[in-house]
Amino acid sequence: MNFDLIKLVSPLTITPYPAYHYFCSMSITQQIQESVVKSLNELYPQGFSEKDFQINQTKPEFTGDYTVVLFSLVKSLKLSPDAIGNQLGDHLIKNSPDLFTAYNIIKGFLNLEINETYWLNLLQKNYNDVCFGKQAMNGKKVMVEYSSPNTNKPLHLGHLRNNFLGWSVAEILKANGYEVLKSCIVNDRGIHICKSMIAWQLFANGATPASTQTKGDHFVGDYYVKFNDEYKKQVKELTETGMSEAEAEKNAPIMLQTQQMLQDWEAGKPEVIELWKKMNGWVYEGFDVTYKNIGSDFDRTYYESDTYLLGKDIVQTGLDKGVFFRKPDGSVWIDLTADGLDEKLVLRKDGTSVYITQDIGLAQQKYDQYQIDQSIYVIGDEQNYHMKVLKLIAQKLGVPYANDIYHLSYGMVELPTGKMKSREGTVVDADDIVAEMIATAQQHTEELGKVKDFNTEELAALYQTLGLGAMKFYLLRVDPKKKMIFNPQESIDFHGFTGPFVQYTYARIRSILRKQSPDKSAAISAGLLPLEKEILLLIEQFPAAIREAARELSPAVLANYVFNLAKTFNSLYTEHSISNAETEEKKQLRLRLAMMTANVLQSGMQLMGIRVPERM
RNA sequence: GGUCCCGUAGUUCAAUGGAUAGAAUAGAAGUUUCCUAAACUUUAGAUACAAGUUCGAUUCUUGUCGGGACUACCA
């Protein structure tokens, strides 16, 4: 058997959904809500809305599918929960017999049983719909800025979380009908860039990535490390001559050289600019390889060397408006003490701009260029203060996009031993860890020996799919806002709550469907078994999960969702045969169930940037 | 000092104020003549502490203890 490489793994990027396609029917929760509101208002005069009660999925230990929590109604109705439950339950069944078939009340909870035909119709209508759960375009435009690398060192584990998160959030927003622009701001200038340039001049003897067979970003990063080593050495030498540490740090020759180089760069000195371009070029070649490998892409890349002068004119406007004030030395500030922050510099006394100045300028430029409705910045939580300042300044300036600035603040990735520290050499390199995951995928695959007929290319694609899938899932399964621990041992596990677990479930379904697809015209069986219904309930919640993921800007919602669905399907798979089902109608039901599960798993994984394999 | 964030099984993570706090992993015990055992089943194990708000608190409020981030005329 030979499989086409293209078809072996699922596509990564989502194609825009046709405008005519959208999930038109209301979710079951919404329908229940609506029915309950209607019933309450017909039964009682008080006047109720959806906010007056809660609908939950019924806990497995009770009979029923969805549950109305009655406590919140007790006070205004002055009736016991049981009395309300009985009246409401009767009324619901009488008025919507096609939706509700039975109810029971336990300790203030009204458990409702949903008519089985609802689930069967849902399945029959959508089992082959690969767009299930996605919304039509809503005309809103969002920019998601993520990745934002420095050109003095290679990407590390923290960047991976940023990249996977930014990319996934962009796809999730697309699935919710937004037009999304992915952007990247490259920090390509400044003192830290000059550090690696100086070190290269001093120590490289003309070496290049090509001459040393090193990936460009790693090559340059090595000189950044060399700078720090040399700097430390010089500081130590100076302090040994009796100089104070602070003085030594200021006067170390290599630091003086670096500062001179920054001035030369700003003055446009040709040989400095040339070196800068050359070394950044090496870094970009390296980044391109990494980005391509991990599946990051951008619609628009901004370079700080182009934007670092932006924002000065806005500062002038702010001065005129009295938002900013000038100190006697000529520097310009904003007073944010009333907002619980400090005074913040926006323009140096020499008239040059600082970090925040260019961010103000760039925000304005993005708005002018693209008329975006929302601007999401995927940046680590160490910059919470900075982003708060940015938004505050925008608000005080009264710019129209001020309230559309949103900082998607994600937590740091830490190791079991603590924070990653470049000085202590504990930084986990992005390329290394990805390669390690792919190698682990290869090792597992070879041990299991299930795809011995694959050719070299197919194997490479599979290892990539599995290794990267495991990595992405691991970094995305945690709530982005929270810091997370990266445990190298645990991360390479391909069992349990992992990407490969979901991929495996998908592959097993595809294996069945390759041999036999559902017969479109065939009847399906009524009388759903508990596991069959459980899967349908979960599938029905997929559109809601996509919406929630967008509302929370959290791919973790999808990771949890997809895992639960896969887990439940695996139980069904073990308990009940699909191909050799009890009856032909059962078989047709389960084939549809399998197909829809596979589609939803694929969509969900795709929204996290994870491909799913046909076989593994 | 100031501002902000976080404390849930041994470990890593869940839980719009709702029922007996879920998973995964590690531990223990099982499942392969049958659709892929990267799977499934069973088992044991946790809300830092103390008050408050209420029908009900992991969730909201306050305090205590513990951990972290930020607080540059760097970017």
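Only a predicted model underlies this, so the values are computations on that prediction, with no experimental measurement involved. (Residues numbered from 1 in each chain as written. Chains lettered and ligands numbered in written order. Predicted model: local features only at pLDDT ≥ 70, side-chain atom pairs only at ≥ 80, totals over all residues. Heavy atoms only, no water.)

Draft legend 1. Examining the pattern of salt bridges more closely. Evaluated as defined, the whole model comprises 23 salt bridges. Taking the shortest distance from any N to any O, the salt bridge between Asp297 and Lys182 comes out at 2.9 Å. In this pair, Asp297 sits in the loop between helix 12 (270-294) and strand 7 (300-303) while Lys182 sits in strand 6 (residues 179-186), placing the two residues 115 residues apart along the sequence. Residue Asp297 is classed as partly exposed on the basis of its relative accessible area of 33%. By sharing partners, the salt bridges in this structure join Glu171, Lys174, Lys182 and Asp297 into a single network. (Salt bridge = Lys/Arg side-chain N within 4 Å of Asp/Glu carboxyl O. Helix = DSSP H or I, 4+ residues; strand = E, 2+ residues; numbered from the N terminus. Buried < 20%, exposed > 50% of the residue type's maximum accessible area, 1.4 Å probe, protein only.)

Draft legend 2. Structural context of the protein's contact with RNA strand B. Within the structure, RNA strand B sits among 67 residues, and Gln54, Glu304, Lys450, Tyr504 and Tyr573 are positioned closest to it. Across the atoms of RNA strand B situated within 4 Å of the protein, the share located in sugar and phosphate is 58%. At 3.3 Å, a side-chain N or O of Asn570 approaches a sugar or linking oxygen of RNA strand B. At a separation of 2.9 Å, a base nitrogen of RNA strand B approaches a polar backbone atom of Met616. For the surface near RNA strand B, the element with the most residues is helix 20 (residues 499-515), which contributes seven residues. The residue makeup of the surface near RNA strand B, split by class, is 24 nonpolar, 18 polar and 25 charged. (Near = heavy atom within 4 Å. Polar contact = N/O pair within 3.5 Å; in protein donor to acceptor, adjacent residues only side chain to side chain. Nonpolar A, V, L, I, M, F, W, Y, C, P; charged D, E, K, R; others polar.)

Draft legend 3. Highlighting the sheet that holds strand 9 (residues 332-335). Sheet architecture is open: three strands sit in the order 8-9-10, paired in antiparallel fashion. A single partner strand is all that each edge strand has here, and the edge strands are strand 8 (325-326) and strand 10 (343-347). In this structure, strand 9 lies alongside strand 10, joined through four bridges in antiparallel fashion. Counted as the bridge partner of Ile334 is Lys344 from strand 10. (Pairing = 2+ DSSP bridges.)

Draft legend 4. Summary view of helix 9 (residues 216-240). Taking 1.5 Å per residue, 25 residues should reach 36 Å; helix 9 reaches 37 Å between its end C-alpha atoms and fits that length. At the exit of helix 9 stands Gly242, carrying a positive phi of roughly 105 degrees. (Expected span 1.5 Å × (residues − 1).)

Draft legend 5. Representation of the nonpolar core. Among the nonpolar cores identified, the biggest contains 151 residues, and Trp119, Leu157 and Leu160 are the most heavily contacted of them. Leu157 has contacts with Val413, Met420, Val428, Ala430, Ile433, Met471, Leu475 and Phe486, leaving out every residue within four places of it along the chain. Formed by 28 residues, the second largest nonpolar core is a distinct cluster that contains Val332, Leu341, Ile356 and Met387. (Core = buried A, V, L, I, M, F, W, Y, C linked by side-chain atoms within 4.5 Å. Contact = heavy atoms within 4.5 Å.)

Draft legend 6. The arrangement of the sheet that holds strand 12 (residues 405-410) in detail. Read from one edge of the open sheet, five strands run 7-6-5-11-12, paired in parallel fashion. Both edges of this open sheet fall to strand 7 and strand 12, since each of them pairs with a single strand only. For this sheet, the mean inter-axis angle between neighbouring strands, taken without regard to orientation, is 25 degrees. In this fold helix 16 (residues 384-397) packs onto strand 11 (374-380) and strand 12, with an angle of close to 175 degrees to the strand it touches most, strand 12. (Axes fitted to C-alpha atoms, helices over the stretch in contact; angles between N-to-C directions.)

Draft legend 7. How the structure looks around the confidence of the model for chain A. The share of residues in chain A with pLDDT of 70 or more is 96%, and the mean pLDDT across the chain is 93. Ignoring residues within four places in sequence, the model shows residues 1-7, a span with pLDDT below 50, making 10 contacts including any to other chains. The low-confidence segment residues 16-23, where pLDDT is below 50, has 18 contacts with residues more than four positions distant or belonging to other chains. (pLDDT = per-residue confidence, 0-100.)

Draft legend 8. Spatial organisation of empty space enclosed by the protein. Applying the stated rule across the entire model yields six cavities of 30 Å³ or more. The calculated volume of the largest cavity comes to roughly 60 Å³. Lining the largest cavity we find Ala363, Lys366, Tyr367, Ile372, Ser375, Tyr377, Tyr401, Asp404 and Ile405. If you list the elements that add at least two residues to the lining of the largest cavity, you get helix 15 (355-370) and strand 11. With three residues, the top contributor of residues to the lining of the largest cavity is helix 15. Here the residues of the lining of the largest cavity are counted per class, giving six nonpolar, one polar and two charged. (1 Å grid on protein atoms, 1.4 Å probe; cavity = no way out; pocket = protein on both sides within 12 Å on 5 of 7 lines; lining within 4 Å. Points joined across faces, edges and corners; volume = space filled by probe spheres on them.)

Draft legend 9. The packing of aromatic side chains, seen in detail. Taken as a whole, this structure holds 19 aromatic pairs when the rule is applied. On the numbers, 5.3 Å between centres and 90 degrees between planes, the contact of Phe219 with Trp282 is edge-to-face. Here Trp282 lies in helix 12 and Phe219 lies in helix 9, a separation of 63 residues in the sequence. For Phe219, a relative accessible area of 3% gives the class buried. (Phe/Tyr/Trp six-rings, centres within 6.5 Å; stacked < 30°, edge-to-face > 60°.)

Draft legend 10. Up close: the pairing of strand 3 (residues 100-106). Both strand 3 and strand 4 (residues 109-114) contribute to a ladder of six bridges, which runs antiparallel. Bridge pairing links Asn104 to Asn111 in strand 4.

Draft legend 11. Region of interest: helix 20. Under the 1.5 Å per step criterion, the end-to-end length of helix 20 is 25 Å for 17 residues, consistent within 8% with the ideal 24 Å. Looking only at helix 20, the buried set comprises Gly499, Pro500, Phe501, Val502, Gln503, Thr505, Tyr506, Ala507, Arg508, Ile509, Ile512 and Leu513. Check the buried side of helix 20 and you find it contacts helix 18 (456-476), helix 23 (555-575) and helix 24 (584-606). The opening residue of helix 20, the one whose side-chain oxygen lies 3.3 Å from the backbone nitrogen of Phe501, is Thr498.

Draft legend 12. The packing of helix 7 (residues 191-203) against helix 11 (residues 253-267), seen in detail. Following both chains from N to C, one finds helix 7 and helix 11 inclined at 115 degrees, their axes separated by 9 Å at the closest point. Helix 11 is crossed by helix 7, and the crossing has right-handed handedness. Residue-level contacts link Ile191, Cys194, Lys195, Met197, Ile198, Gln201 and Leu202 of helix 7 to Ile254, Met255, Gln257, Thr258, Gln259, Met261 and Leu262 of helix 11. Counted by class, the contact of helix 7 with helix 11 contains nine nonpolar, four polar and one charged residues. (Left-handed = near helix turned anticlockwise from the far one by under 90°.)

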